[in-house]
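Read off the chains here:
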Number of protein chains: 2
Amino acid sequence: MEVEGGVKVGGGEKDKVGGAVQQVNGGLTNDGLSAIMPGWFSEINPMWPGEAHSLKVEKVLFQGKSDFQNVVVFQSSTYGKVLVLDGVIQLTERDECAYQEMITHIPVCSILNPKKVLVIGGGDGGVLREVSRYSSVEQIDICEIDKMVIDVSKEFFPNMAVGYEDPRVTLHVGDGVAFLKNVPEGTYDAIIVDSSDPIGPAKELFEKPFFESVAKALRPGGVVCTQAESIWLHMHIIEDIVSNCRQVFKGSVNYAWTTVPTYPRHEQIYIFSYFEQSTLFGVIGFMLCSTEGPPVDFQHPAYNIDEDENSNKSVGPLKFYNSEIHSAAFCLPSFARRVIDS
Amino acid sequence: MEVEGGVKVGGGEKDKVGGAVQQVNGGLTNDGLSAIMPGWFSEINPMWPGEAHSLKVEKVLFQGKSDFQNVVVFQSSTYGKVLVLDGVIQLTERDECAYQEMITHIPVCSILNPKKVLVIGGGDGGVLREVSRYSSVEQIDICEIDKMVIDVSKEFFPNMAVGYEDPRVTLHVGDGVAFLKNVPEGTYDAIIVDSSDPIGPAKELFEKPFFESVAKALRPGGVVCTQAESIWLHMHIIEDIVSNCRQVFKGSVNYAWTTVPTYPRHEQIYIFSYFEQSTLFGVIGFMLCSTEGPPVDFQHPAYNIDEDENSNKSVGPLKFYNSEIHSAAFCLPSFARRVIDS
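Residues numbered from 1 in each chain as written. Chains lettered and ligands numbered in written order. Predicted model: local features only at pLDDT ≥ 70, side-chain atom pairs only at ≥ 80, totals over all residues. Heavy atoms only, no water.

Examining the overall build of chain A
Going by this rule: Strands are runs of DSSP state E lasting at least 2 residues, helices are runs of H or I lasting at least 4, and numbering of each runs from the N terminus. Residue exposure (1.4 Å probe, protein chains only): buried if accessible area is under 20% of the type maximum, exposed if over 50%, otherwise partly exposed. To be clear on the numbers: accessible area is Shrake-Rupley with a 1.4 Å probe, and residue cover counts the displayed protein chains and nothing else.
What chain A contains, in helices and strands, is 9 helices and 13 strands. Counting only residues that meet the buried cut, chain A has 67% of its 342 residues in that class. Accessible surface computed for chain A: about 11600 Å², of which carbon and sulfur atoms make up 49%.

Considering the UniProt feature "active site" (unreviewed entry) in chain A
Residues and elements named next belong to chain A. What counts is decided by this rule: UniProt positions are given in the numbering used here, feature names are shortened, and annotations may be inferred rather than shown by experiment. Under the rule applied, a polar contact is a pair of N or O atoms within 3.5 Å (in protein, one hydrogen donor and one hydrogen acceptor; residues adjacent in sequence only if both atoms are side-chain atoms).
Look at the UniProt record and you will see "active site" (unreviewed entry) annotated at Asp 194. Of note, Asp 194 is situated in the loop between strand S10 (188-193) and helix H6 (208-217). Residue class for Asp 194 comes out buried when judged on its relative accessible area of 0%. A polar atom in the side chain of Asp 194 sits 2.5 Å from the side chain of Tyr 99.

A look at the environment of A:Gly316
Residues and elements named next belong to chain A. Along the polypeptide, Gly 316 turns up in the loop between strand S13 (283-290) and helix H8 (323-328). Judged by its relative accessible area of 24%, Gly 316 falls in the partly exposed class. Taking C-alpha positions, Gly 316 is 11 Å from Val 162, a pair spaced 154 residues apart along the chain.

A short note on the pattern of salt bridges
Side-chain pairs of opposite charge can arise where the charged atoms are in close proximity. Filter applied, for reference: Salt-bridge detection follows one rule: a side-chain nitrogen of Lys or Arg within 4 Å of a carboxyl oxygen of Asp or Glu.
This structure, assessed with the given rule, holds 16 salt bridges over all chains. In this structure, the salt-bridge partner of B:Glu93 is B:Lys81, at a minimum N-O distance of 3.7 Å. Placement of the pair is B:Glu93 in the loop between strand S6 (88-92) and helix H1 (96-108) and B:Lys81 in strand S5 (residues 81-85), with a sequence separation of 12 residues. B:Glu93 gets classed as partly exposed once you look at its relative accessible area, which sits at 31%. Linking B:Asp151 and B:Lys147 is a salt bridge whose minimum nitrogen-to-oxygen distance equals 2.9 Å. Note that B:Asp151 and B:Lys147 are positioned in helix H3 (residues 147-156) at a spacing of 4 residues, about one turn of the helix. Classification of B:Asp151 by relative accessible area gives buried; the value is 11%. The network of salt bridges with shared partners includes A:Glu96, A:Arg129, A:Glu130 and A:Arg133.

Brief notes about the pairing of strand S4 (residues 70-76) of chain B
Residues and elements named next belong to chain B. Filter applied, for reference: Two strands pair if DSSP finds at least two bridges between them.
In terms of burial, S4 is largely enclosed, as 6 of its 7 residues are buried. As paired strands, S4 and S5 are joined by 5 bridges and run antiparallel to one another. Across the sheet, residue Val 73 finds its bridge partner in S5, namely Leu 83.

Topic: the packing of aromatic side chains
All names here are of chain A. Defined as follows: Pairing of aromatic side chains requires ring centres within 6.5 Å, counting the rings of Phe and Tyr and the six-membered ring of Trp. Pairs whose planes differ by under 30 degrees are stacked, by over 60 edge-to-face, and all others tilted.
Counted by the stated rule, this structure contains 12 aromatic pairs over all chains. Between Tyr 99 and Phe 286, the ring centres sit 6.0 Å apart and the planes meet at 45°, which makes this aromatic pair tilted. Taken together, the residues span a long stretch of sequence, with Tyr 99 in helix H1 (residues 96-108) and Phe 286 in strand S13 at a distance of 187 residues. The class of Phe 286 is buried, set by a relative accessible area of 0%. Ring centres 5.8 Å apart and planes at 40° place the aromatic pair Tyr 134 and Tyr 303 in the tilted group. On the criterion of sequence distance, the pair formed by Tyr 134 in the loop between helix H2 (126-131) and strand S8 (139-144) and Tyr 303 in the loop between S13 and H8 is long-range, its members being 169 residues apart. A residue is classified by how much of its surface remains accessible, and Tyr 134, at 1% relative accessible area, is buried. Among the residues examined, Tyr 303 registers a relative accessible area of 17% and is labelled buried.

Some thoughts on the packing of H6(A) against helix H7 (residues 235-248) of chain A
Residues and elements named next belong to chain A. Where we set the bar: Helix axes are fitted to C-alpha atoms over the stretch in contact, other axes to C-alpha atoms as well, and angles between N-to-C directions run from 0 to 180 degrees. The cut-offs work like this: below 35 degrees is roughly parallel, past 145 is roughly antiparallel, 65 to 115 is roughly perpendicular, and the gaps in between are oblique. In this scheme the handedness of a crossing depends on how the near helix is turned from the far one: anticlockwise by less than a right angle means left-handed, clockwise means right-handed. Here a residue-residue contact requires only that any non-hydrogen atoms of the pair lie within 4.5 Å. By the convention adopted, Pro, Cys, Tyr, Trp, Phe, Met, Ile, Leu, Val and Ala count as nonpolar, Lys, Arg, Asp and Glu as charged, and the other residues, Gly among them, as polar.
It is at 10 Å that the axes of H6 and H7 come closest, and there the two elements cross at 45°. When the axes of H6 and H7 are compared, the pair comes out oblique. Judged by the twist between their axes, the crossing of H6 over H7 is right-handed. Every residue of H7 that contacts H6 at Lys 208, Phe 211, Glu 212 and Ala 215 is listed here: Ile 241, Asn 244, Cys 245, Gln 247 and Val 248. Grouping the amino acids of the contact of H6 with H7 by side-chain chemistry returns 5 nonpolar, 2 polar and 2 charged.

Focus on the side chain of B:Ser290
Residues and elements named next belong to chain B. Positionally, Ser 290 belongs in strand S13 (residues 283-290). Its relative accessible area of 1% is what places Ser 290 among the buried residues. Reaching out from Ser 290, the side chain makes a polar contact with the backbone nitrogen of Ser 252 at a distance of 2.8 Å. With residues near it in sequence (within four places) discarded, Ser 290 still touches Gly 222, Val 223, Phe 249, Lys 250, Gly 251, Ser 252, Val 296 and Phe 298.

Right under this line is the structure:
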């Protein structure tokens, strides 16, 4: 498969440069890779002005520019292949499992017999892979805005893109907010929002109108999980998100967190043609909310996917998630508990 | 107070250079600060050859060379003051609470009425500060090898060094292994080992003879907590440590973990005049063991320090630890559970 609009670097294909693709210069001096150390990829983000995180680049495998962003894939020396969008690391092969499994199974294991699931963002297919484990699920919709991310994942990240192979999956390439507005009321049992950060253009995704669209698209007692920042970095933002969710969702509203070792990898939502880093230095948070209806007790999973013999085994065993770690994710440090539970 | 053998930079004291102190050159081109980006401090460690983590340096406050290591304190732009030993970040003011509280309260809250506690390493005083919360404790011994670390903490990190002000504290400057050998059998209720990593010269601290010294120094049913690596990075090492502990400690043997956002700060033990990084990219692990005697259920704290009106309030409220997060620390991701529990 060849990814459109990009250039696959190496393997004799280095000369095949697409229209929007820039010259690869040691992999480190172009828009896609913000260089501060020769031979290293470093990520400096305005959200964390005094901090950078660097990975050693072994080889740049792909560079392209989609309608939305610069897309880069490089081979790191210790974390496998790494996907970078607009200079920000999105995922590494080594640690993607923690994020994908937690953002998927915390909400979906909190209800019984989910049939229809929507993923917003998640173009790499990792969340699809996790949703495909549920034998009860009949329909998996995904709305991803950037086709290049999907193509790049299929080319370079087969362990995530495998999610697309499930026949229950329907891919919609487009704006997630618009997609959600056209969803008939009460359609989904669960919605997983793989969003970017609530600072900048994506901030609407953490405000009431978006949550209202989500709530409308869910059945009574349906669940949503959305990325919700690190308790270490942006406590005031979390406080606002929790407040918004409490106003919109009339069932349960909970905050959970987990760790991702290097780059708490996380998908983009692409809705606003804007991409931001949400690597949270080892910690990532989730908002778990349910609509009015059958009560949902997020802290105690209703379903144990590990013990279900009917679950889809073709995508391999779970690496991170289990029922204990599901419950533990809701135990907060004291400083966070004081703010969130108040 | 003036720290011996070092130089306090700034405040007109820049010319007062001690014997072993090097010229400060923008704070970034000397042994104490390994430079890869101008104006940034970057940490590259042979244990994690393909990864670096960088903090922006606002101002170097202190540089010195003790008998054991280079000691640097700098002001970072986002994490407050930072302590660096031999080029490796040890702690930041912003996130020290998580490590200090967890390594202290998980073991000490697992027993009732502790009277004698030993800290090995922990020269900054942070663990002392946490131990000082317990009203039942009558004697707190600390054995730290490097006096400069103690002095630097008293000068630049008063919120940690406050631990030394407790009249129950006795400071022993020296080798922790030697100190432990001279402790009468059954002396301590709890021992906290703030150790460096089990790769390199400090590896003995994770082997049977050291654990045997610890077990001997503990009373029956006494507890020890020791730093034990990240489940993400060194699973095979943890497997060996768990195996060694199971052979030595005839009570409970458990593994717990927690997150520290930027540089999972952690003290050095200094025992072998060797210093290594144990920043684990957001995740740090602990071994919790008890000796034969009254049984200890580490996963369910016996004592709730948060609710004890007699606990020492002069060091401020707990920021991270609570009974829920104590229990949650023992819930492991599936990949780690398969190895540790097998």
